[in-house]
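So you can see what is in the structure, the chains are spelled out below.
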Amino acid sequence: MAIIKDIDEGTIRRVDWLEIVPPTIFFRAFSATFKFSLIALFALIIAGAVAVFNGLDSPNDGGKASEAASFSVSRSSRSFPVGCFCAHETPQNVMRLGRSLDSMVRRLGTGNDWTIRACVGGYCCLLLFLSLVAARSSAVRLATSARSSTLSSVRFAFRKIPSILLVGATPFVLVGVVWGIEKLADATGVFGAFCAPLSTLFIALFVLFAGATAIGTPLAIAALATENCDGFDAISRSVSYATQRFLVGLIYSAIALLLLKIGFIVVAYLANVSAFVYSRAYADVESGWIDFWGLVLVASPWAYLCHASVVYATAIYLLLRRSVDGTPYDACALNGSGGRRRLRRIIQDANGAPVISESNAKETTKDGNESGK
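Residues numbered from 1 in each chain as written. Predicted model: local features only at pLDDT ≥ 70, side-chain atom pairs only at ≥ 80, totals over all residues. Heavy atoms only, no water.

## What about the overall build of the chain?
Scanning the chain from terminus to terminus reveals 14 helices and zero strands. Moving toward the C terminus, one meets the helices and strands of the chain in the order α-α-α-α-α-α-α-α-α-α-α-α-α-α. Here the contacts in the chain between residues at least 6 apart in sequence split such that 78% fall between residues at least 24 apart. Put simply, the chain shows about 21600 Å² of open surface, and 65% of that area lies on carbon and sulfur atoms. (Helix = DSSP H or I, 4+ residues; strand = E, 2+ residues; numbered from the N terminus. Contact = heavy atoms within 4.5 Å. Areas by Shrake-Rupley, 256 points an atom, 1.4 Å probe, with all protein chains shown as cover.)

## A look at the nonpolar core
Counting residues in each nonpolar core, the largest one holds 67 residues, and the members touching the most others are Phe 26, Leu 132 and Tyr 312. At 16 residues, the largest contribution of residues to this core is made by helix H13 (residues 288–325). Excluding residues that lie within four positions of it along the chain, Tyr 312 makes contacts with Phe 26, Ala 29, Phe 30, Thr 33, Ala 256, Leu 259 and Leu 260. (Core = buried A, V, L, I, M, F, W, Y, C linked by side-chain atoms within 4.5 Å. Buried < 20%, exposed > 50% of the residue type's maximum accessible area, 1.4 Å probe, protein only.)

## Comments concerning the pattern of salt bridges
Tallied over the full model, the rule gives three salt bridges. In this structure, Glu 227 and Arg 237 form a salt bridge, with 3.9 Å as the shortest nitrogen-oxygen distance. Within this pair, whereas Glu 227 is found in helix H10 (residues 196–227), its partner Arg 237 is found in helix H11 (residues 231–244), the two being separated by ten residues in sequence. For Glu 227, a relative accessible area of 22% translates into the label partly exposed. One salt bridge connects Asp 233 with Arg 237, and the closest N-O pair in it is separated by 3.3 Å. Remark: Arg 237 and Asp 233 occur in helix H11; sequence separation between them is four residues, near one turn of the helix. Here the residues in one salt-bridge network are Glu 227, Asp 233, Arg 237 and Arg 321, joined through shared partners. (Salt bridge = Lys/Arg side-chain N within 4 Å of Asp/Glu carboxyl O.)

## A word on the packing of aromatic side chains
Summed over the entire model, instances satisfying the criterion amount to eight aromatic pairs. A centroid spacing of 5.2 Å and a plane angle of 80 degrees characterise the contact between Phe 30 and Phe 34, whose relative ring orientation is edge-to-face. On the basis of relative accessibility, which here comes to 36%, the residue Phe 34 falls in the partly exposed class. Chaining the aromatic ring pairs together yields one cluster made of Phe 26, Tyr 252 and Tyr 312. (Phe/Tyr/Trp six-rings, centres within 6.5 Å; stacked < 30°, edge-to-face > 60°.)

## As for helix H2 (residues 25–32)
Among the residues of H2, Ile 25, Phe 26, Ala 29 and Ala 32 are the ones counted as buried. For H2, the angular spread of buried residues about the axis comes to 110 degrees, placing them on one side. (Arc of directions from axis to C-beta.)

## Overview of the confidence of the model for the chain
The predicted model of the chain averages 74 in pLDDT, with 66% of residues at 70 or higher. Predicted confidence is poor over residues 56–95, with pLDDT under 50, and the contacts of this stretch with residues over four places away or in other chains come to 79 contacts. In this model residues 365–373 is a low-confidence stretch, pLDDT under 50, and it forms one contact with partners more than four residues away in sequence or in other chains. (pLDDT = per-residue confidence, 0-100.)

## Comments concerning the side chain of Thr 217
Looking at the element boundaries, Thr 217 is found in helix H10. Thr 217 sits in the buried class, given a relative accessible area of 16%. Look past the residues within four positions of Thr 217 in its chain and what remains in contact with it is Val 167 and Pro 171.

## Some points on a nonpolar patch on the surface
A cluster of nonpolar side chains, namely Phe 34, Leu 258, Ile 262, Val 266, Tyr 269 and Leu 270, defines an oily patch on the protein surface of about 530 Å² accessible area. Relative to the helices and strands, Tyr 269 is located in helix H12 (residues 246–281). Owing to a relative accessible area of 32%, Tyr 269 belongs among the partly exposed residues under this scheme. (Patch = residues over 30% accessible without salt bridge, like charges linked within 9 Å, V, L, I, M, F, W, Y side chains within 5 Å.)

## So, the environment of Leu 205
For Leu 205, the location among the structural elements is in helix H10. Through-space distance from the C-alpha of Leu 205 to that of Leu 174 is 9.8 Å; in sequence the pair is 31 residues apart.

## Digging into H11
With 14 residues, H11 ought to run about 20 Å at 1.5 Å a step, and its terminal C-alpha atoms sit 20 Å apart, in line with that. Those residues of H11 that fall on the buried side of the exposure criterion are Gly 231, Ala 234, Ile 235, Ser 238, Tyr 241 and Ala 242. Projection of H11 onto a plane perpendicular to its axis shows the buried side chains occupying an angular sector of 140 degrees, all on one side. Projecting away from the buried face of H11 at angles above 90 degrees are the exposed residues Phe 232 and Thr 243. (Expected span 1.5 Å × (residues − 1).)

## So, the state of the cysteines
Evaluated as defined, the whole model comprises zero disulfides. We note that Cys 124 lacks a disulfide partner, and the nearest cysteine sulfur, in Cys 125, lies 7.0 Å from it. Note on Cys 124: relative accessible area 43%, which makes it partly exposed. (Disulfide = S-S within 2.5 Å.)

## Observations concerning the side chain of Ser 163
With respect to the helices, strands and loops of the structure, Ser 163 is situated in helix H8 (residues 161–187). The class of Ser 163 is buried, set by a relative accessible area of 11%. In this structure the side chain of Ser 163 is engaged in a polar contact, spanning 3.5 Å, whose partner is the backbone nitrogen of Gly 231. Excluding residues within four positions of it along the chain, Ser 163 makes contact with Leu 224, Cys 229, Asp 230 and Gly 231. (Polar contact = N/O pair within 3.5 Å; in protein donor to acceptor, adjacent residues only side chain to side chain.)

## Details of unusual backbone geometry
Excluding glycine, a negative phi dihedral is what most residues carry, and trans is how most peptide bonds are arranged. Notably, Asn 228 is not glycine yet its phi reads approximately 55 degrees, a positive angle. As for its placement among the helices and strands, Asn 228 is situated in the loop between H10 and H11. By relative accessible area, which is 15% here, Asn 228 ends up buried.

Laid out in structure tokens, this is it:
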């Protein structure tokens, strides 16, 4: 008897480039960075931060912060020369934005203005929340063939608020522990000097833990978005992947930085042209809202940096997870509710046999009754 052979045996029909060359995931990540809705949200947060912080008067800066923060869309076309980003020049309004952000940072350490510090904490939490939204959207797009809309990603992030706050607060808590050990050693005097080796050991350990969690924070956010886990699991995953594949992570980060620079140049050029058209269109209009929306345009390249950084961190997380745990690239928790999915009720006919639908059960029961008659 002749043996049947497959005539297509040995024929390669499909090449899984992601398994052969893992960095090819960055090509998908590069296209995922250009999501208008999330870039616009980041730009609004940056513009709102500049507007809110520089609207607060600080008595310790002599009015320099308010002067540096005065942003207005220039009515001159020279403020927005087309192509200035590609020529490595900085427009006047971008310089004003940089001075405004710098004045915000300088004012944080001056005096005891708890209003400013409370606003900083609020904006940091808002950035963490929006980073989780961007991570969820990019994780679903990179790991699966599905798409997660901005609204569904926001709903997912709302359910993960306690976890994302834990991830963001852990490095600061560890730094606070180091500061507490230092103050305790200073207050105990001779006893503190006697226990200096022990306190030094604790300080070194907590500094190491704080550095590891700070480096792994982007990976922890990606873990929350991909695995639908809690904050402790996300932190442990991020620290494990970052320490076990540190050099590999550095190589992936270098590739991400290169693509980040390319994307920034593209978005900055488009923002520059848009700001030029915007300044000419509203040349004769004096309004605070006109200035604010102009600031949003100027801040859009920096908003792209924030969003793209989250997308590339998610891609690096998928690569490191595959390298350490062997988890497939397409593994992603799509059930964002976190609960168990309820199975459908098994429909049975009169004899107890499972059927497809209620109509089939009725037909089966009717046929059985007729045959019984």
